[in-house]
Each structure stands twice: as C-alpha cells, then as structure tokens.
Amino acid sequence: MTTRILCISGPNLQLLGTREPEVYGRETLADVHARLEKRARALGVTVEARQSNHEGALVDWIGGAREGGFAGLLVNPGAYTHTSIAILDALRAVALPCVEVHLSNPDGREPFRRRSYVARACIGRVAGFGADSYELALDGLVRSLARPRSHA
Ligand code: DQA
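Throughout what follows, the structure given in this document is the object of discussion. Owing to the predicted nature of the structure, the values given are computational and were not obtained by experimental measurement.

This part takes up the site of the ligand. Lining the immediate environment of the ligand, one finds Arg 19, Tyr 24, Asn 76, Gly 78, Ala 79, His 82, His 102, Leu 103, Ser 104 and Arg 113. One of the side-chain nitrogen or oxygen atoms of Asn 76 is found 2.8 Å away from an oxygen atom of the ligand. Within the side chain of Ser 104, a nitrogen or oxygen atom sits 2.6 Å from an oxygen atom of the ligand. In the complex, 99% of the free accessible area of the ligand, which totals 330 Å², lies under the protein chains. For the ligand, the cavity whose grid points lie within 2 Å of the majority of its atoms is the largest pocket. Considering only residue class, the shell around the ligand consists of three nonpolar, five polar and two charged.

Right, let's talk about the state of the cysteines for a bit. Counted by the stated rule, this structure contains zero disulfides. The closest cysteine sulfur to the non-disulfide-bonded Cys 7 is located on Cys 98, 9.8 Å from its own sulfur. On the basis of relative accessible area, Cys 7 is assigned to the buried category, the value being 0%. With no disulfide partner, Cys 122 has as its closest neighbouring cysteine sulfur the one in Cys 98, 3.7 Å distant. Using a relative accessible area of 16% as the deciding quantity, one classes Cys 122 as buried.

With parallel pairing, five strands are arranged side by side in an open sheet as S2-S1-S3-S4-S5. At either end of the open sheet lies a strand with only one pairing partner, and these are strand S2 (45–51) and strand S5 (124–127). The sheet shows a mean angle of 20 degrees between the axes of neighbouring strands, direction not considered. Set on the sheet, helix H2 (residues 29–43) makes contact with strand S1 (3–9), S2 and strand S3 (72–76); between it and S2 the angle comes to about 165 degrees. Along the sheet, helix H3 (residues 55–63) makes contact with S1, S2 and S3, crossing S1 at roughly 170 degrees.

In this section: the packing of aromatic side chains. Counted according to the given criterion, the structure contains zero aromatic pairs. Sitting over the face of the ring of Phe 70, Arg 4 holds its NZ or CZ atom 4.2 Å from the ring centroid.

What follows covers the nonpolar core. Residues Ile 5, Leu 16, Leu 36, Val 47, Leu 74, Tyr 134 and Leu 138 are the most contacted members of the largest nonpolar core, which totals 22 residues. When residues of this core are traced back to their parent elements, those giving at least two are S1, H2, S2, strand S4 (98–102) and helix H5 (132–145). Of all the elements, H5 adds the most residues to this core, at five residues. In terms of nonpolar packing, the next biggest core, distinct from the first, is built from 19 residues, Ala 90, Leu 96, Cys 98 and Ala 121 among them.

Rules of the game
- Per chain, residues are indexed from 1 in the order of the written sequence.
- Local features are withheld for residues below a pLDDT of 70 in this predicted model, meaning they are given only at 70 or higher, and side-chain atom pairs are given and counted only at 80 or more; totals for whole chains, interfaces and linings count all residues.
- The basis for every side-chain value is the complete set of heavy atoms in the structure, and neither hydrogens nor water enter the calculation.
- Near is defined per residue: the residue qualifies when any heavy atom it owns lies within 4 Å of the molecule or strand.
- Counting of polar contacts relies on pairs of N or O atoms within 3.5 Å, with two restrictions inside protein: one atom must be capable of donating a hydrogen and the other of accepting it, and residues adjacent in sequence are counted only when both atoms are side-chain atoms.
- The protein chains shown are the only cover counted for residues, whose accessible areas, like all others here, come from Shrake-Rupley with a 1.4 Å probe.
- A cavity, in this analysis, means grid points on a 1 Å lattice covering only the protein atoms where a 1.4 Å probe fits yet has no way out; a pocket is instead an open set bounded by protein on both sides within 12 Å along at least five of seven lines, and a residue lines either one if it has an atom within 4 Å of a point.
- Cavity and pocket membership follows a simple rule, namely that a molecule belongs there if more than half of its atoms are within 2 Å of the grid points.
- Gly falls in the polar group here, along with every residue not listed as nonpolar (Ala, Val, Leu, Ile, Met, Phe, Trp, Tyr, Cys, Pro) or charged (Asp, Glu, Lys, Arg).
- Cysteine sulfur atoms are paired as a disulfide whenever they fall within 2.5 Å.
- The buried label goes to any residue with under 20% of its type's maximum accessible area, the exposed label to any with over 50%, and the partly exposed label to all in between, with areas taken from a 1.4 Å probe on protein chains only.
- A pair of strands is treated as paired once DSSP finds two or more bridges between them.
- Numbering of helices and strands runs from the N terminus; a helix is a DSSP stretch of H or I covering at least four residues, while a strand is a stretch of E covering at least two.
- Under this scheme, a helix contributes an axis fitted over its contacting stretch, all axes are lines through C-alpha atoms, and angles between N-to-C directions fall in the 0 to 180 degree range.
- Throughout, a residue-residue contact means that at least one pair of heavy atoms, one from each residue, lies within 4.5 Å.
- Here is the rule: rings of Phe, Tyr and Trp (six-membered ring for Trp) pair when centre to centre is within 6.5 Å. Planes less than 30 degrees apart are stacked, more than 60 are edge-to-face, and the remainder are tilted.
- Any Lys NZ or Arg CZ found within 6 Å of a ring centre and within 35 degrees of that ring's normal is scored as a charge over the ring.
- We define a nonpolar core as any set of buried Ala, Val, Leu, Ile, Met, Phe, Trp, Tyr and Cys residues linked to one another through side-chain atoms lying within 4.5 Å.

This is a description of form; function is not addressed.
Written as structure tokens, this is what we have:
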C-alpha cells in the first residue's frame, strides 16, 4: 500500500500569491500543492493537502490522521505555530511523525515568531525556502519514515 502523507496549512495561507509577496513569494497555495504532488509521485508516496483558517479544523484533521491511514504529517500552522497548545496536544495525541513547515524563516522575523509550540511535537522543521520548504519537508519526512525506529 502507498504511504500516505497529510499536509496541513493554517490561517491566511489560502492568500499565498498576493499575501505579503516579499515575505511569502508569488506562488499560490494551489501551486505549492501541485509541486508537492509532483514531488510525492517522484518519491512514490501520496500527499493529501488541506488548508483551514480555523484552529479546531486543524486539530480535527491532525487528530483523525492515524484513523485516516496517514503515515506522517507536514504541518504549517501559520500564526498558530506561535500560540496553539491545542495543535501541540493534537500532534502529541496522534503521535505520527510530523515536520513543521514555514515558507518564511520565523526566527529571522519579529521576536514573537521565535516561539514555536508545535516544534516540541515535530521530528524536524524546514523554514525559509518559500514554496520549496514544503518539498524539502516532504523529502525529510519520507526519509525519516524509511527509518522507522528513528521516531518510534
Ligand atoms: C508562516 C510563518 C508564521 O509566522 C506566519 O504567521 C504565517 C506563515 C510561514 O509559512 O512562513 O502565517 O507559518
């Protein structure tokens, strides 16, 4: 059976392409998802990509990921990265390998973006490479899944 990965993007990421392009680039979220699907095909896995502006929807999707047959997660929680204990708890509860993804490099921006709650439940983070961050995160996650004991 093909390895299935769930990619979740949080608030305001539906506006990619027009949202602060100097920070986030000019590619739309649909462009990012198309690239991710292409990379997934090359890696022999499948990716299902979702976006919501609602914290509860993100929590529901994370919590349902194991039941849904996903082997791992890519999560860009947007601003909830810096605030959401609920998303951290959902990631801990589902206990699937997760890579934190950001288009920008939050550590190089305002001080309030330096704290990531979700990082505590992630195997790694890719940030600062624009849309490439998603593809690079997928590469890292798939490599990690090939070494099951590394995140047991
Ligand atoms: C972001 C970084 C966050 O600080 C910000 O709130 C976002 C996008 C990124 O992908 O660079 O909404 O997660």
